[in-house]
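Below, each chain spelled out in residue letters.
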Amino acid sequence: MPAPAVAALPPGRRYLAVPIVMSGQVVAVLYADEGSGNSEPSRGWPSRVEILARFAARCLEAITAFNAARMLQERPAPGGSAAGAADDHGDVGDPSDADAAARRYARLLVSEIKLYHEPDVIAGRRQRDLAIRLSAEIARARLLYQQRVPPHVGERTDYFRAELVRTLAGGDASLLEVRTEN
């Protein structure tokens, strides 16, 4: 396959390549230049390109999260539930296995929130508004958790809430309380 032709920029014209980063890894590069036209480029175009790259990264993160959620919803759990299927008599497998599976799934969901929304987590801790700032992400993750974890496990222990406190709030449950201003 022949190499693509590359047009050189006229002298004095600038270019910019900005990485699009997801989860700490570069997944694409956004390239822009001042072009070869005779018109003078606007002064703030490099900062606009950087903003566009950040916006593209957020969009890709959202699409990835929605696709992962869709795949989890579409994939049937073995035996009808994710953590220990009940037999014909309603008996459930080893409770410790079901609890361990629920704990791991809660850790996965909450870790994903922290990974993809780390600046919001940091700001939410600082401003003490994690529950409001990350409400959509938390609600989506809780829905996935409730769909996958059998109800009898959730009735014993709310592993999802415990993981929110441990991972997102750094152990401070008050960061997840919704406060109303009077």
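A brief report on the enclosed structure follows. (Residues numbered from 1 in each chain as written. Predicted model: local features only at pLDDT ≥ 70, side-chain atom pairs only at ≥ 80, totals over all residues. Heavy atoms only, no water.)

**Quick look at unusual backbone geometry**
Turning to step 1, where the next piece is worked out: With a phi angle near 60°, R128 is a residue other than glycine that sits in the positive phi range.
Turning to step 2, where the next piece is worked out: Tracing the backbone through its elements, the reader meets R128 in the loop between helix 3 (118-127) and helix 4 (130-133). (Helix = DSSP H or I, 4+ residues; strand = E, 2+ residues; numbered from the N terminus.)

**Comments concerning the packing of aromatic side chains**
Turning to step 1, where the next piece is worked out: According to the stated counting rule, one finds two aromatic pairs in the structure shown.
Turning to step 2, where the next piece is worked out: Between R148 and the ring centre of Y105, over which it is positioned, the NZ or CZ distance is 4.6 Å. (Phe/Tyr/Trp six-rings, centres within 6.5 Å; stacked < 30°, edge-to-face > 60°. Lys NZ or Arg CZ within 6 Å of the ring centre and 35° of its normal.)

**Some words on helix 3**
Turning to step 1, where the next piece is worked out: Taken as a whole, helix 3 has its buried residues at V121, A123 and G124.
Turning to step 2, where the next piece is worked out: Positive phi shows up at R128, right after helix 3, with a value of about 60°. (Buried < 20%, exposed > 50% of the residue type's maximum accessible area, 1.4 Å probe, protein only.)

**Things to note about the nonpolar core**
Turning to step 1, where the next piece is worked out: Counting 24 residues, the largest nonpolar core has L130, I138, Y145, F160 and L168 as its most contacted members.
Turning to step 2, where the next piece is worked out: At seven residues, the largest contribution of residues to this core is made by helix 2 (residues 95-116).
Turning to step 3, where the next piece is worked out: Leave out the neighbours within four places in its chain, and Y145 touches A102, Y105, A106, L109, T157, Y159 and F160.
Turning to step 4, where the next piece is worked out: Judged by nonpolar contacts, the second largest core, of eight residues, contains L16, W45, A53 and A57. (Core = buried A, V, L, I, M, F, W, Y, C linked by side-chain atoms within 4.5 Å. Contact = heavy atoms within 4.5 Å.)

**Quick word on a nonpolar patch on the surface**
Turning to step 1, where the next piece is worked out: Together, V21, V26 and V29 make up an exposed nonpolar region whose accessible area comes to about 250 Å².
Turning to step 2, where the next piece is worked out: Relative to the elements of secondary structure, V26 occurs in strand 2 (residues 25-33). (Patch = residues over 30% accessible without salt bridge, like charges linked within 9 Å, V, L, I, M, F, W, Y side chains within 5 Å. Areas by Shrake-Rupley, 256 points an atom, 1.4 Å probe, with all protein chains shown as cover. Salt bridge = Lys/Arg side-chain N within 4 Å of Asp/Glu carboxyl O.)

**Remarks on the packing of helix 5 (residues 135-148) against helix 7 (residues 159-168)**
Turning to step 1, where the next piece is worked out: Interhelical geometry of helix 5 versus helix 7 gives an angle of 140° and a closest axis separation of 11 Å. Comparing their axes, helix 7 and helix 5 come out oblique. Of the two possible hands of crossing, helix 5 and helix 7 adopt the one that is right-handed. Across the interface between the two elements, I138, A141, R142 and Y145 from helix 5 touch Y159, F160, R161, L164 and L168 from helix 7.
Turning to step 2, where the next piece is worked out: Grouping the amino acids of the contact of helix 5 with helix 7 by side-chain chemistry returns seven nonpolar, no polar and two charged. (Axes fitted to C-alpha atoms, helices over the stretch in contact; angles between N-to-C directions. Parallel < 35°, antiparallel > 145°, perpendicular 65-115°, else oblique. Left-handed = near helix turned anticlockwise from the far one by under 90°. Nonpolar A, V, L, I, M, F, W, Y, C, P; charged D, E, K, R; others polar.)

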